[in-house]
Amino acid sequence: MPRPRTPMLLLFVITVIAASLSASESIGNGSQQVYIVYLGHLPASTDASESEGFTAIEFAHHDMLNQVLDDGSSASDRILRSYKRSLNGFAAKLSKEEADKLSGMNGVVSVFPSRTLDLLTTRSWDFLGFPQSPFEELLPLEGDVIVGMLDTGIWPDSPSFSDEGFGPPPSRWKGTCHNFTCNNKIIGARAYDGRSSNSSLSPLDDDGHGSHTASTAAGRAVANTSLYGLAAGTARGAVPGARLAVYKVCCGEAEILAGFDDAIADGVDVISISIGSPFAFDYVRDVIAIGAFHAMKRGVLTSASAGNSGLEGFTVCNVAPWMLSVAASSIDRKFVDKIVLGNGKTIVGASINTFPTLSDARLAFPANGSCDPDNLAGGSYTGKIVLCQEASENDGSGPLLAGAAGVVIVSEAPDVAFTLPLPGLTVTQDQFDQIMVYVNSTSNPVGTIHTTETISSQAPVAASFSSPGPNVVTPDILKPDLSAPGIDIIASWSLLSSPTGIANDTRKVQYNIISGTSMACPHASGAAAYVKSFHRDWSPAMIMSALITTATPMDTPANANTSVLKYGAGQLNPAMAHDPGLVYDASESDYVAMLCAQGYNATQLALITGSNTTTCSNSSSSSSPRDLNYPTMAARVEPGKNFTVVFPRTVTNVGSASAVYDLWFESPVDQADNVLTAEVSPSELEFSELNQKVSFTVTVSGMAPEEGQVYSFTVVWYNKEHKVRSPVVVYTRSQRRTPRAGIKRGFRQ
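An unreviewed UniProt entry lists the protein chain under the name Subtilisin-like protease, with Sorghum bicolor as the source organism. Among the UniProt annotations of the protein chain, the heading Sequence similarities (unreviewed entry) holds the following wording: "Belongs to the peptidase S8 family."

Written out as structure tokens, the structure is:
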């Protein structure tokens, strides 16, 4: 606990790893690739409706590009799409020289290559203490809420997306359904790819990921679901009565920005995007940050995955303060599997293995321990259990192709049960070494792999793979914001894909179990939609604040080796979020002031906001991003030096009209007392009416932690009805591990 002074009181499992950071593949001329030219805010006179003809905005885009083309080509040959409904810009095939010319033109905010990003619950909502309600009670509140899913599309025939009992879409809805038959549950569907025309594309989900995230956020309650008997129960989303609008964008940045452009103009209330990269990018070169900013301007909250690259040494992506960044944590259910060796020793690992028990199969260790298909080719593995030390894609696909009967795979994520295409399990390196000791001790090593079992486990625990903070773009803004269930989550799936996504896996399922921050994100997106259903006039910042300040603390013994930099404010608590008592609000001008303090120039910001009056005041040089009215507080300080940091904050009363809040501090269970001194002024907040605002300051001082250490505590404003928690973290720059790219981990981001 901080030391007081007088006067005061005492943050899928199937295929991927890290996003590809290379730009889009060269197109036509090898020197050209797809670039995004971001021009900021749309002119005020722009009509956001979809026009059949060429619009004035498109003419302007073509005119701008034609000014830099000198190879005889025209803008119509190069521009793939114009962003013209919610934000201003275009995607085009350019050489680096042409991109450099454009970036120097007036009216251009940024020009950057279109990278390819990655796809970053019967039990999960119950675990969060969020009870199921009768459907007829949900529709009056939730039926007017529209959740926009930017993902891999949707499988409309899933029972999770039935529109039985729904009325027509809200009258304000401006969206459409392209090459797709919508219903009164799925009210919009579009698809995009790298071509200039999307007329032949289908929003059908051929991957499964998009159906999974959509049903987690807003799927109907469907009883008696399971994956071959595993995770049996009722699968449901947070807001079963809400509508869904689907934007199949995966996963080029040009397509993602097009999805944002349409979703905002179509009229969604919340955007959920389980896509990201191993890195956080500068805000004006990050399509998710750009899209989320324009969504915020229209009153739409964006909820995004924090990233799956924690095991590779990377940090949280999707860090802009105007969007919610969601880390992954566990629920109190775990799937384990075991292999019994011929000497009677049992090794307990993890997997989603729904195959019958594989008995007394011979164990085979391939040359070099590699299970890459090329390494296994020509070997004799039919009917055997292959022991995989490593593989470029260590997902069992190599042994499956080689005709193996089973597989044991080394995993660095023992908290995750991976779905495998044949009987098998994942184990730690130590467990694998124990198996090898047995293999090397006998001429006939055999093993029996059992079917997966379900056990209870301690939770919530931060997921090993979940990308931790700090926020490398704005170090004084805590990211991730909070955690939500992201391990072993069951939800809807597409019949166009197998449970593993591996080509030779011929199984088809309606519901699948996968893991990743991709699964955590739609839990938070659904909770945001739930809050929105009660408070239609709340800003995105108010909804974010409600989710963050009501989160359940995770500074427990089970998380002793992590900190708020890993799990944010704690675990999502949707049942409490619709009545938070107090909220920290912020508007576009507040974010602009933060960007000024961070060094963005007024010319850039005027283009982004669309206001010629946007300026960065002289005081910006003395202000700090930590002055933003954010529901958490963070400061990066120099190790081993004395420091003092001040956080000005303002809360808005959204609880009882007349209310008094007292102050309390909470500290992590494993942190020594008296490492920090904190002063909060005033130490009591008094309100006499709804929407009244009261300001306070938090001053933190002391000796900075050593390099790589983290100190934290929580400012808690409380009364009999509410508890409003705001974590405070002080940390130092650490020497980052060298990231290990190119290792397949099996997660959907």
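Undergrad: Requested: an account of the sheet that holds strand β15 (residues 324-329), with residues and values cited.
TA: Overall, parallel pairing links the 7 strands, which are arranged β9-β12-β8-β13-β14-β15-β24 in an open sheet. Either end of the sheet is taken by a strand with one partner, and the two such strands are β9 (186-191) and β24 (482-485). Sheet twist, expressed as the mean angle between neighbouring strand axes with direction ignored, is 25°. Where strand β8 (residues 146-151) and strand β12 (residues 243-248) come together, 6 bridges link them in parallel fashion. Residue pairing across strands places Ile146 opposite Arg243, the latter belonging to β12. Lying on the sheet, helix α12 (residues 517-534) is in contact with β8, β13 (270-273), β14 (301-305), β15 and β24; it crosses β15 at an angle near 125°.

Undergrad: Give me the lowdown on helix α13 (residues 540-549), citing residues and values where you can.
TA: Within α13, 10 of the 10 residues are buried, leaving the element largely enclosed by the surrounding structure. Of all the positions in α13, only Pro540, Ala541, Met542, Ile543, Met544, Ser545, Ala546, Leu547, Ile548 and Thr549 are classed as buried.

Undergrad: How would you explain the domain arrangement of the protein chain if you had to name every residue and give the values?
TA: Split into domains, the protein chain comes out as domain 1 (33-113), domain 2 (123-328 + 463-576), domain 3 (333-454), domain 4 (587-623) and domain 5 (628-738). When each unit is reduced to the centre of its C-alpha atoms, the spacing between domain 2 and domain 5 is 29 Å. Taken together, the 32 residues of domain 2 in the interface contact 25 residues of domain 5. Sorting the residues of domain 2 by area buried against domain 5 places Leu478, Thr549 and Asp555 first, and these three jointly supply 23% of that buried surface. Counting across the interface, domain 2 meets domain 5 through 0 salt bridges. Applying the counting criterion to the domain 2 and domain 5 interface returns 7 residue pairs in polar contact (both at pLDDT 80 or more). For the side of domain 2 that touches domain 5, the elements supplying multiple residues, two or more each, are α13 and α14 (564-567). A total of 5 residues in the side of domain 2 that touches domain 5 trace back to one element, the largest contributor, which is α13. Considered class by class, the residues forming the side of domain 2 that touches domain 5 number 19 nonpolar, 8 polar and 5 charged.

Cut-offs and rules
- Residues numbered from 1 in each chain as written.
- Predicted model: local features only at pLDDT ≥ 70, side-chain atom pairs only at ≥ 80, totals over all residues.
- Heavy atoms only, no water.
- UniProt positions renumbered as here; feature names shortened; annotations may be inferred.
- Pairing = 2+ DSSP bridges.
- Helix = DSSP H or I, 4+ residues; strand = E, 2+ residues; numbered from the N terminus.
- Axes fitted to C-alpha atoms, helices over the stretch in contact; angles between N-to-C directions.
- Contact = heavy atoms within 4.5 Å.
- Buried < 20%, exposed > 50% of the residue type's maximum accessible area, 1.4 Å probe, protein only.
- Domains from an automatic or database assignment.
- Buried area = accessible area lost by both parts, 1.4 Å probe.
- Salt bridge = Lys/Arg side-chain N within 4 Å of Asp/Glu carboxyl O.
- Polar contact = N/O pair within 3.5 Å; in protein donor to acceptor, adjacent residues only side chain to side chain.
- Nonpolar A, V, L, I, M, F, W, Y, C, P; charged D, E, K, R; others polar.

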